[in-house]
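# Structural features, examined
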Protein chains: 2
Amino acid sequence: MARIGLREVASRAGVSIKTVSNVVNGTGSVTTATRERVEEALAALDYRPNLAARHLRRGSSGLIAVALPELTQPYFAELAAELVRAAKARGRMVLLSQTEGDEEAERALLEGRDLPVLDGLVLSPLALDAPALRERVDRSPLVLLGEHVGDAVLDHVTVDNCAAAADATAHLLSLGRRRVAAIGAQDSGPNETAVLRLEGYRDALRAAGVTYDERLVATVEQFHRPDGAAAMARLLELPEPPDAVFCFNDALALGALRTLAVRGLRVPRDVAVVGVDDIEEATYTTPSLTTIAPDKQALATAAIDLLLRGGAAAGLPPQTVTVPHRLAVRETTAGPTPSPTADLLPPTAGSHPADGPTPSPTADLLPPTAGSRPAPDPEEQP
Amino acid sequence: MARIGLREVASRAGVSIKTVSNVVNGTGSVTTATRERVEEALAALDYRPNLAARHLRRGSSGLIAVALPELTQPYFAELAAELVRAAKARGRMVLLSQTEGDEEAERALLEGRDLPVLDGLVLSPLALDAPALRERVDRSPLVLLGEHVGDAVLDHVTVDNCAAAADATAHLLSLGRRRVAAIGAQDSGPNETAVLRLEGYRDALRAAGVTYDERLVATVEQFHRPDGAAAMARLLELPEPPDAVFCFNDALALGALRTLAVRGLRVPRDVAVVGVDDIEEATYTTPSLTTIAPDKQALATAAIDLLLRGGAAAGLPPQTVTVPHRLAVRETTAGPTPSPTADLLPPTAGSHPADGPTPSPTADLLPPTAGSRPAPDPEEQP
DNA sequence: TTGAAAGCGCTAACAT
DNA sequence: ATGTTAGCGCTTTCAA
């Protein structure tokens, strides 16, 4: 059974190739009569366009590449899910790569090496710094994820990391904590995010009149759970250990919580904890994690829209979109440590409080209920 | 700046188009002298092949579509990561879709509607049942993820769900538990996985001479945390509540743990818990989760290899690959509940015990340490 | 409103 | 060892 092309359809409908093409694409104008005949033929032959040919001709592919460091990081997985969804809503498919922090991989992506024709690239750079990014040769639109100071040259979409960190820290201070540690500073690498979050942390301390204590800032290699766990362990060995920790992301916070639990420290009584990202898991740990929740859906939508606008390739000036974030207050800073009395739960009835961008201290103590989101039905097929 | 094609390169190097093509693809034979000239031109002009054209000509694209229900489920995210990696190792890129449990979306994928030319499709079906899958029209190779009873017609790769469930249940029974509940049965839908895991659960009970008690089997809508939390709550209301729970996946187990924690029940003392999937999070909950760990890397590699072998499209008989799984014993069934005494942790030194396929009761009590895996450097760029 | 023909950039036959 | 030519299936001028 040979592949069906426009030719076959045309001959069956007794019209020319062009007419069929018109019908398929809704271009030109066709009599209702011929259109019907063509559509009948289309259906009968089960015609499906050869996209490679179409792309060759049109020069665009309907494909958007999304390059993230690592899909196993829940934050990126959730972001990827939103990006795929947003792209689909705009009729685009997503080509997914994992850079795994490899500079060479990021460079290859930027240069469009070994890639099909793309409508654009959404990149969350890790290894590459601003100058390297600016050198980009390829002309297909590029949108960067994440904040890049002093880089007004490229389109990017981000949250205000500095403000987010300040909000988180201020929340801890508002609880009366005074030895507020930070986990997530980095010695090296062009990780602007870490720099900005540290800055926000310091800003908040300053605003509260708390003096900055270098020993309370723990450096990590990566933003992963083990790093958070190790960092927390180090902080606990200080002569005056912290009574609160701001972790630069949720993975670090979860690692820190693990260490605290193992050491028998009570959260939030002994140590209060805040993270950033609001990964789904943050709602479900015990105690559940207070965190800065960036609007991931807005992030994804903005990235795709920015991309499809055409960016520099279309002669537009570079844009920066900053999406809102909110503080989701949960048990690690507010709720009671789980106890037999609590029938806060079971998480069965009620709906997820849709708190606005302003911190609302009572919100988010409960995990969302089964029906709280128009979720699909993903079951399990290992 | 016009796009550089073979023609431009050819004229600059003073050779024919074909020769350039030969150099680029390593086909034919070229004198070292001319090759060098061509390569110089290639580099000077920064030639990049137009993949759309190449695909049109070759009829294959180097693209593999991977369709999973939902990337926000850590299990699928981890699987996706492995699939992307495996595909890259074979020189293929991955086009990622989320079906979100939508039957129509799965069907569209199967029929290749609106898709670029693909070298194949890896699908984890949710809504579609065996007959629907068999009807597949499209001829590009297809590999199914997950077990599909009575479906020897299609290539698929899976773990032995029945055995896995039996192993998990047997482990709980070996702890002396006798009221072993199950969370994850399903009323409806073609979810073969749920059926098989229930079967394994019953097998293990039977083998241990424990009578099956229907009331101990909790049904869920989806395999998500809230469902697990709600199911656990229901089980606890039984006149004789369970002393152990086998959850059909880790997400359900984490939900159940949350409910147990909130109710003040101690794990594993009061209730022991086992999951399936071994998502990364399972290592980091407190207490850490005992779970069945399928070999995800093997799963991904097998899927990609099966796909590239050509499958039915190449006239090969359908194959079923069953990848191994192991029981990863952690705190929810063995370790002490976290207490001040424990300096099992901090997770700083030592290396992750690489336990074999046989359950080793002492293994896996510690989270892996930062250096335990040749991990990349994913930091954070929200 | 519809048809004929050219060509997107590449690779595969077939020359030379 | 290299060059020439003919399409892959589609969209797009340009005519009819």
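What you are looking at is a predicted structure, and each value in this text was computed from that prediction instead of being measured.

## Let's talk about the protein's contact with DNA strand C
Near DNA strand C there are 23 residues, and of these Thr19(A), Ser29(A), Thr31(A), Tyr47(B) and Arg57(B) occur at the shortest range. In DNA strand C, the atoms that sit within 4 Å of the protein are 66% sugar and phosphate, with bases accounting for the remainder. Thr34(A) has a polar side-chain atom sitting 3.1 Å from a phosphate oxygen of DNA strand C. Leu6(B) places a main-chain nitrogen or oxygen 2.7 Å from a phosphate oxygen of DNA strand C. Among the elements of the structure, α2 (17-25) and α4 (51-58) of chain A together with α2 (17-25) and α4 (51-58) of chain B are those that each provide at least two residues to the surface near DNA strand C.

## Brief notes about the UniProt feature "domain: HTH lacI-type" (unreviewed entry) in chain A
As annotated in UniProt, the feature "domain: HTH lacI-type" (unreviewed entry) corresponds to residues 4-58 of chain A in the numbering used here. The span residues 4-58 of chain A shows a helical share of 71% and a strand share of 0%, and its end C-alpha atoms are spaced 20 Å apart.

## With respect to the sheet that holds strand β6 (residues 180-185) of chain A
Residues and elements named next belong to chain A. Strand order in the open sheet formed by six strands is β7-β6-β8-β9-β10-β12, and the pairing between neighbours is mixed. In this open sheet, the two edge strands, each paired with only one partner strand, are β7 (217-219) and β12 (325-328). Between one strand axis and the next, the sheet turns by 15° as a mean value, whatever way the strands run. The sheet contact formed by β6 and β7 spans three bridges and is parallel.

## A look at the packing of helix α1 (residues 6-13) of chain A against α2(A)
Residue and element names in this part refer to chain A. Contact geometry of α1 with α2 gives a least axis separation of 8 Å together with a crossing angle of 105°. With respect to α2, the axis of α1 lies roughly perpendicular. Contact with α1, carried on its side by Leu6, Arg7, Val9 and Ala10, involves Ile17, Val20 and Ser21 of α2 and no other residues of that element. Taken together, the residues of the contact of α1 with α2 break down into five nonpolar, one polar and one charged.

## Here we look at the packing of helix α5 (residues 74-89) of chain A against helix α12 (residues 296-309) of chain A
The angle between the axes and the distance between the axes are what describe a pair of packed helices. All names here are of chain A. As a packed pair, α5 and α12 sit with axes 8 Å apart at the nearest point and diverge in direction by 50°. The pairing of α5 with α12 is recorded here as oblique in orientation. Classified by chirality, the crossing of α12 by α5 is right-handed. Contact residues: Tyr75, Glu78, Leu79, Glu82, Leu83, Ala86 and Ala87 in α5; Lys296, Gln297, Leu299, Ala300, Thr301, Ala303 and Ile304 in α12. Grouping the amino acids of the contact of α5 with α12 by side-chain chemistry returns nine nonpolar, two polar and three charged.

## Description of α4(A)
Residue and element names in this part refer to chain A. Restricting attention to buried positions, one finds in α4 the residues Leu51, Ala52 and His55. The buried residues of α4 occupy one face: seen down the axis, they fall within an arc of 100°. Measuring from the backbone nitrogen of Ala52 back to the side-chain oxygen at the start of α4 gives 2.8 Å, which picks out Asn50 as the cap. Just past α4, the residue Gly59 takes up positive phi, approximately 80°.

## Points about the side chain of Thr290(B)
Residues and elements named next belong to chain B. Checked against the element boundaries, Thr290 lands in strand β10 (residues 290-294). There is a polar contact of 2.7 Å between the side chain of Thr290 and the side chain of Thr333. Once you skip the residues sitting within four places of it in the chain, Thr290 turns out to touch His171, Val273, Val274, Gly275, Leu327, Ala328, Val329, Arg330, Glu331, Thr332 and Thr333.

## Considering the domain arrangement of chain A
The domains assigned to chain A are domain 1 (6-49), domain 2 (61-159 + 296-323) and domain 3 (161-294 + 328-334). Taking the mean C-alpha position of each, domain 1 of chain A and domain 3 of chain A sit 62 Å from one another.

## A closer look at the environment of Leu198(A)
Here Leu198(A) is to be found in helix α9 (residues 192-208). Residues Leu198(A) and Gly28(A) lie 170 residues apart in sequence; the distance between their C-alpha atoms is 58 Å.

## Structural notes on the protein's contact with DNA strand D
Around DNA strand D, a shell composed of 24 residues is seen, among which Leu6(A), Tyr47(A), Ser16(B), Ser29(B) and Thr31(B) lie nearest. In DNA strand D, the atoms that sit within 4 Å of the protein are 63% sugar and phosphate, with bases accounting for the remainder. Ser21(A) is positioned such that a nitrogen or oxygen atom in its side chain is 3.1 Å from a phosphate oxygen of DNA strand D. Between DNA strand D and Arg57(B) there is a distance of 2.8 Å, counted from a base nitrogen to a side-chain nitrogen or oxygen. Per-element accounting of the surface near DNA strand D gives the leading share, five residues, to α4(A). Among the residues forming the surface near DNA strand D, the class breakdown is nine nonpolar, nine polar and six charged.

## Structural notes on the pattern of salt bridges
Counted under the stated rule, the structure contains 34 salt bridges over all chains. With its nearest N and O atoms 2.7 Å apart, the salt bridge here joins Arg90(A) to Asp305(A). Separated by 215 residues along the polypeptide, Arg90(A) in the loop between α5 and β2 (93-98) and Asp305(A) in helix α12 bring together distant segments of the chain. Taking the relative accessible area as the measure of exposure, Arg90(A) reaches 29% and is therefore partly exposed. In this structure, the salt-bridge partner of Asp270(B) is Arg266(B), at a minimum N-O distance of 3.1 Å. Among the residues examined, Arg266(B) registers a relative accessible area of 39% and is labelled partly exposed. When salt bridges that share partners are traced, they join Glu70(A), Glu100(A), Glu82(B) and Arg85(B) into one network.

## Focus on the nonpolar core
Counting residues in hydrophobic clusters, the biggest one holds 155 residues, and the most contacted among them are Ile183(A) and Ile183(B). Membership of the second largest hydrophobic core comes to 34 residues, among which are Ala67(B), Leu110(B), Leu128(B) and Leu154(B).

## Here we look at unusual backbone geometry
Glycine aside, a negative phi is what most residues show, and trans is what most peptide bonds show. The linkage connecting Thr286(A) with the following residue, Pro287(A), adopts the cis geometry, with an omega of -5°. Here Val267(B) and Pro268(B) are connected by a cis peptide whose omega angle stands at 5°. Positionally, Pro268(B) belongs in the loop between α11 (250-262) and β9 (272-276). Even without glycine at this site, Asp277(B) takes up a positive phi of about 130°. Inspection of the secondary structure assignment puts Asp277(B) in the loop between β9 and β10. Relative accessible area serves as the criterion here: at 1%, Asp277(B) is assigned to the buried category. Phi is positive for Asp278(B), close to 55°, though the residue is something other than glycine. Locating Asp278(B) in the fold gives a position in the loop between β9 and β10. Under the relative-accessibility criterion, Asp278(B) is labelled buried at 15%.

Definitions and limits used
Residues numbered from 1 in each chain as written. Chains lettered and ligands numbered in written order. Predicted model: local features only at pLDDT ≥ 70, side-chain atom pairs only at ≥ 80, totals over all residues. Heavy atoms only, no water. Near = heavy atom within 4 Å. Polar contact = N/O pair within 3.5 Å; in protein donor to acceptor, adjacent residues only side chain to side chain. Helix = DSSP H or I, 4+ residues; strand = E, 2+ residues; numbered from the N terminus. UniProt positions renumbered as here; feature names shortened; annotations may be inferred. Pairing = 2+ DSSP bridges. Axes fitted to C-alpha atoms, helices over the stretch in contact; angles between N-to-C directions. Parallel < 35°, antiparallel > 145°, perpendicular 65-115°, else oblique. Contact = heavy atoms within 4.5 Å. Nonpolar A, V, L, I, M, F, W, Y, C, P; charged D, E, K, R; others polar. Left-handed = near helix turned anticlockwise from the far one by under 90°. Buried < 20%, exposed > 50% of the residue type's maximum accessible area, 1.4 Å probe, protein only. Arc of directions from axis to C-beta. Domains from an automatic or database assignment. Salt bridge = Lys/Arg side-chain N within 4 Å of Asp/Glu carboxyl O. Core = buried A, V, L, I, M, F, W, Y, C linked by side-chain atoms within 4.5 Å.

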